[in-house]
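Fold and geometry: a report
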Amino acid sequence: LKKSFFKEKLIKIVILLNNPPPFFLNTTLLPAPTPVSGPNRGTMPERRPFVRLPTDVYPVNYGLCLKPDLIDFTFEGKLEALVEVTQATNQIVMNCADIDIITASFVPEGGEEINATGFNYQNEDEKVTLSFPSALQKGSGALKIDFVGELNDKMKGFYRSKYTTSAGEIRYAAVTQFEATDARRAFPCWDEPAIKATFDIALIVPKDRVALSNMNVIDRKPYPEDENLVEVKFATTPIMSTYLVAFVIGEYDYVESQSSDGITVRVYTPVGKAEQGKFALEVATKTLPFYKDYFSVPYPLPKIDLIAIADFAAGAMENWGLVTYRETALLIDPKNSCSSSRQWVALVVGHELAHQWFGNLVTMEWWTHLWLNEGFASWIEYLCVDHCFPEYDIWTQFVSADYTRALDLDALDSSHPIEVNVGHPSEVDEIFDAISYSKGASVIRMLHNYIGDEDFRKGMNAYLLKFQHKNASTEDLWDCLEQASGKPIAAVMGSWTKQMGFPIIVVDQEQVSDDRILKLCQKKFCASGPHNGEDCPNWMVPISICTGEDPKCTKLKVLLDRPETTITLSGVSPDQWVKINPGTVGFYRIQYSSSMLESLLPGVRDLSLQPVDRLGLQNDLFSLSRAGMISTVEVLKLMEAFVNEPNYTVWSDLSCNLGVLSSLLSHTDFHEEIQEFIRDLFTPIGLELAWDSKPGEGHLDALLRGLVLGKLGKAGHKPTLEEARRRFRDHVDGKQVLPADLRSPVYLTVLKHGDSATLDTMLKLHKLADMQEEKNRIERVLGAISAPDLIQKVLNFALSEEVRPQDTVSVIGGVAGSSKQGRKAAWKFVKDNWEELYNRYQGGFLISRLIKLTVDGFAIDKMAAEVKSFFESHPAPAAERTVQQCCENILLNAAWLKRDADDIHQYLLQRKAPPV
């Protein structure tokens, strides 16, 4: 994942404040601005023209030697690149950023060395032009460059990562994060994904440090000029893109294993924590053979290392053979890690290892096709986890974590198509978002279902073999899948990747003797209501239909390739319900006629509908209510039908939507009534689960218990609050340590209803925590505190040395997501500290995440104007689209509140009124 970026990907590990977790799955998950316009396109300000590198000189092999200084935070580098000159030229243009070139020369094969006479840096374009006194002739040659750079603290390029030794001493590791466009901060290079070459890397490092790179070590010898240093040489890499190169120099322990197909797998951990690498090691050794078998292509390198990096912006990064992770995306302590963390680690490991084939072996030609990398890895990570851990019911969780998330974002006018034309590097960061990851994964899941597994695998294998060690575009994959399946893949998928948005399928029915006649029509779904414009886009929609006779079995499949159609289902008696989109696989929303919806409701109560379809039905209705197509009261009535619900993921999605509603109603004077509704809905399942796990329970029971107790505690359910306080005291006093799965709900509950002493105790627990997972768990709930002065204390803590830079965002987001007061205070804090925050994240995807978490929950028209004007005077180019989406969400919230608040209030009052 780069998963972290959004790779914070972006999984909704249920975090108790109803914010999606602060981890992302792949790299950066943020939306990208593009200068596209026309109907159905979000419009962005025009950017100045961007030009790719000239093709008259290209690299064949990079010989690279780097010598980092871990005290002064600088590095020296020597590059000797074997290049090919395709047409005579007296200059070489390369990418270069924050690097000073000392000398540069060119040695033509069999000729005399020519020294460069000028280095012209184009800083804004991150390029350098080397000028030579005479033309370099066509043919091979060696380009030699000596340069120096800075080990920065921006979590990109070649950067420093702070850690504390067991003795309490602060030290730094030197690590890398190059995707998308930051290899150029470590060495001058042709930093575009299609300009592939091989790499021979050497590192000169202190002899007591571990030095790693993409390939295995082939030589390690003393460095002649300093007895405290060694020179470590690595084997030549396969032909690969610059963004996948990596090196790490630091202090680590490791655990090692061999996969069944003979690959050496190591997980590197902080010193003294090797045990915490065992879970990821087990997942990785099971996953490599799974992918080898699925793709019918072996893993192409001799080893793979997975390493936990202290300061890391994304969730993880799939560097070939050396995958880097946030500590929380890799390390699991059997006693102190909760179930959601294990699941998160399994997904991130599955995601990053999938990239070793899909992304690394075959690479997108340009960032426009990034979605293919990320969407594919975000889909197959679930396939892999389902293989390793069938008890996780992970595909149902996919619907809640990725599918519904993508539908919500893609219903906005400020969304963007999956395929986005990007140019300048600042635009690339923004496309690591929920559209690339989650919508990408959702349409690939729909495609896999449409083609069938066998033909899908056949097409994937053909694609990987045809393009291995090369670059490909979206169309290349469609061609291979079309040949394997004989279906019109390019035509179907083009409607999902080249235009933004998705349809709502409006369904009505009529019974004629034993036949059910269905009328289906598609319209673009918009968060503000149905699209009624002239040029309404159409999609090629694979539609499946099932009936009450067998809810798991598809009775009919059709491809809806026009605005409307009529379908006859024969042999369906009048008392049977009909359900569209069984399995919730098609990427669309559904609006049933009221009689069809009525007939489906008993299937929610008696559980005869599959869990994923119970979830989908509720989620569709919730989004229709937000769009003003039905009353929110209808959804509240449906929610009450879930009182017998046993499934964790169904509850998780319900809980998320109630969180959205609770946040919306915090702007009214009847916020307490919705808390009462939440307490009533969650109390029966809370009583059934109780506090302590029972023999025979599994992963999903643990997740459900944490979810339900957190929900009840936050909503002020007295017995839950009292028990949480009792257990918290015992935990703090060392009498009875809280099981990891109960910590988040207990911490959240005591803070929400706590005072300054509670906050101080929590901050002390944070300071004492040895595991980053525990620190993050506390950071995410601190914002639940209610008193204004304590909210301010939490915000100040977010920027303190106690919080790692990549985690500041989740502390501020936790404050904004917890209460109306928190939201106001967090927004003011972000404005007051904007310069420091912006400088810290330098336009990476974390800045977009920060903005979204801070302002998305407002529900007053004038706040949208305030947010817009603040970012007009404090521009954040990599977050332009995010700012647009937030302003749109604020206006949608305000409209929703105006439209439905009174009805909701009446309903909440009358459901408690004594019967007349």
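Only a predicted model underlies this, so the values are computations on that prediction, with no experimental measurement involved.

Now for the UniProt feature "site: Transition state stabilizer" (unreviewed entry) in the protein chain. Residues annotated in UniProt with the feature "site: Transition state stabilizer" (unreviewed entry) correspond here to Y437. Secondary-structure assignment places Y437 in helix α6 (residues 434-451). Taking relative accessible area as the criterion, Y437 reaches 0% and is therefore assigned buried.

If you trace the backbone, F467 turns up in helix α7 (residues 453-467). Residue F467 is classed as buried on the basis of its relative accessible area of 10%. Each C-alpha atom of the pair F467 and T363 lies 8.4 Å from the other, and the pair is 104 residues apart in sequence. With sequence-adjacent residues up to four places away left out, F467 is seen in contact with L361, V362, A472 and D476.

Okay, the packing of aromatic side chains next. Under the definition given, this model contains 47 aromatic pairs. Ring centres of F178 and F187 lie 6.3 Å apart, and the angle between their planes is 65 degrees; this geometry places the pair in the edge-to-face category. The two residues F178 and F187 agree in class, both being buried. Judged by centre distance (6.4 Å) and plane angle (75 degrees), the rings of F187 and F199 are edge-to-face. Placement of the pair is F187 in the loop between β12 (170-177) and β13 (198-206) and F199 in strand β13, with a sequence separation of 12 residues. Between the NZ or CZ atom of R445 and the centre of the ring of Y403, over which it lies, the distance is 6.0 Å.

For the rest of this paragraph, the subject is unusual backbone geometry. A cis geometry characterises the amide bond from E179 onward to A180, with omega recorded as 5 degrees. For A180, the location among the structural elements is in the loop between β12 and β13. Unlike most non-glycine residues, F73 shows phi in positive territory, near 60 degrees. In this fold, F73 is placed in the loop between β3 (57-69) and β4 (74-85). Of note, E126 is a non-glycine position whose phi angle comes to about 55 degrees, a positive value. With respect to the secondary-structure elements, E126 resides in the loop between β8 (118-122) and β9 (127-136).

Conventions adopted
- Residues numbered from 1 in each chain as written.
- Predicted model: local features only at pLDDT ≥ 70, side-chain atom pairs only at ≥ 80, totals over all residues.
- Heavy atoms only, no water.
- UniProt positions renumbered as here; feature names shortened; annotations may be inferred.
- Helix = DSSP H or I, 4+ residues; strand = E, 2+ residues; numbered from the N terminus.
- Buried < 20%, exposed > 50% of the residue type's maximum accessible area, 1.4 Å probe, protein only.
- Contact = heavy atoms within 4.5 Å.
- Phe/Tyr/Trp six-rings, centres within 6.5 Å; stacked < 30°, edge-to-face > 60°.
- Lys NZ or Arg CZ within 6 Å of the ring centre and 35° of its normal.

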